[in-house]
Amino acid sequence: MTVGEGSEAPVPPRLRRDARRNRERLVEAAHAVFAEQGLEAPLDVIARRAGVGNATLYRHFPTRAALVDAVFRGQLTGTMQAGERARRAADAWAGLAGYLDAVFATLAADRGTNDLMTTRLPDVETLDAVHAHNRETVDVLLERARAQGGVRADITTEDLLFALAALGRAVPPLAAAAGPDAWRRPLALFLEGLRGPAAGPRPLPGRPLDEEELGRVLGEMGPHRTRPTDGSTGGAAAGGTAPA
């Protein structure tokens, strides 16, 4: 799935040309900073990279949630489109595996997208819709796959969503340690654990991590993980919502 697939964030009507240009620069800068640093990145860093003042950022996006929604609306909509395609698959197991592959490709796109889709951030309208749609997609595909004998009978939707969120959080450090497609092997291993008893084991893609790579992954998953900075430790806008 292509990053940015789907509808673009709506722009308020009747903005002056300079105001519209500032808004576009803020969204572009926020996407770049969130991709590098995650959703907890300081908002004043985003304003400075866009070449505007903090007051201009807050005027267009009074909360962090409003800015996040504007930045990620397109790719979140693309995730729902992938879910719709998966639901139409005749083989529910193939639909589920293909859908999760598309979701994890999106998680691997950048750290901001990963933060957004593997945690909860209140008041992001599009994100709420994606979480609800994702749960429904998994529910539908699991029910059909159980009926077809493709998955274990005791797997629940909550089992799957919890495990996927935990695995999804490891995608950025996996990519940093072992390459952009390193997530494919652990995802395949996880999927093998879901398969019904009649399904034979399949070979895992890629290569296993070595000891050094595993250490780097675990280090990057900690709260002390390093991230680039623009020399600022500023926080969210007044009244803004911190990421979950």
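All of these numbers come straight from a predicted model, not from anything done at the bench.

To continue, consider the environment of Val130. Within the secondary structure layout, Val130 lies in helix H7 (residues 125-148). A residue is classified by how much of its surface remains accessible, and Val130, at 4% relative accessible area, is buried. The sequence separation of Val130 and Met117 amounts to 13 residues, and the corresponding C-alpha distance is 8.7 Å. Residues in contact with Val130, not counting those within four places in the same chain, are Leu76, Thr79 and Met80.

Turning our attention to the environment of Asp123. Within the secondary structure, Asp123 is located in the loop between helix H6 (111-118) and H7. Distance from Asp123 to Arg64, taken between C-alpha atoms, is 9.4 Å for residues 59 residues apart in sequence.

Taking 1.5 Å per residue, 24 residues should reach 34 Å; helix H4 (residues 64-87) reaches 33 Å between its end C-alpha atoms and fits that length. For H4, the principal kink sits at Phe72 and spans about 60°. Within H4, 20 of the 24 residues are buried, leaving the element largely enclosed by the surrounding structure.

Moving on, we get to the nonpolar core. Judged by nonpolar contacts, the single largest core of 54 residues is most densely connected at Phe34, Ile46, Leu67, Val68, Phe72, Phe104 and Leu116. For this core, the element with the highest residue contribution is H4, accounting for ten residues. Among residues more than four places away in sequence, those in contact with Phe104 are Leu164, Leu167, Gly168, Val171, Trp183 and Leu187. Core analysis: the next-biggest nonpolar cluster, separate from the first, contains five residues, Ala170, Leu174, Ala177 and Ala182 among them.

To continue, consider helix H10 (residues 184-194). What H10 keeps buried is the set Leu187, Ala188, Leu191 and Leu194. The buried residues of H10 occupy an angular sector of 105° when projected down its axis, which confines them to one face. Those residues of H10 that are buried are in contact with helix H5 (92-107) and helix H8 (157-169).

Here we come to the pattern of salt bridges. Evaluation of the coordinates by the stated rule reveals twelve salt bridges. The partner of Asp181 in a salt bridge is Arg184, with the nearest N and O atoms 3.8 Å apart. Asp181 sits in the partly exposed class, given a relative accessible area of 47%. For Glu192, the salt bridge identified is with Arg195, shortest N-O distance 3.9 Å. Given the relative accessible area of 23%, Glu192 is considered partly exposed. Given the relative accessible area of 11%, Arg195 is considered buried.

Definitions and cut-offs
- Residues numbered from 1 in each chain as written.
- Predicted model: local features only at pLDDT ≥ 70, side-chain atom pairs only at ≥ 80, totals over all residues.
- Heavy atoms only, no water.
- Helix = DSSP H or I, 4+ residues; strand = E, 2+ residues; numbered from the N terminus.
- Buried < 20%, exposed > 50% of the residue type's maximum accessible area, 1.4 Å probe, protein only.
- Contact = heavy atoms within 4.5 Å.
- Expected span 1.5 Å × (residues − 1).
- Bend = angle between axes of the 7 residues up to and from the residue.
- Core = buried A, V, L, I, M, F, W, Y, C linked by side-chain atoms within 4.5 Å.
- Arc of directions from axis to C-beta.
- Salt bridge = Lys/Arg side-chain N within 4 Å of Asp/Glu carboxyl O.

Everything listed is a geometric property; what it means functionally is a separate question.
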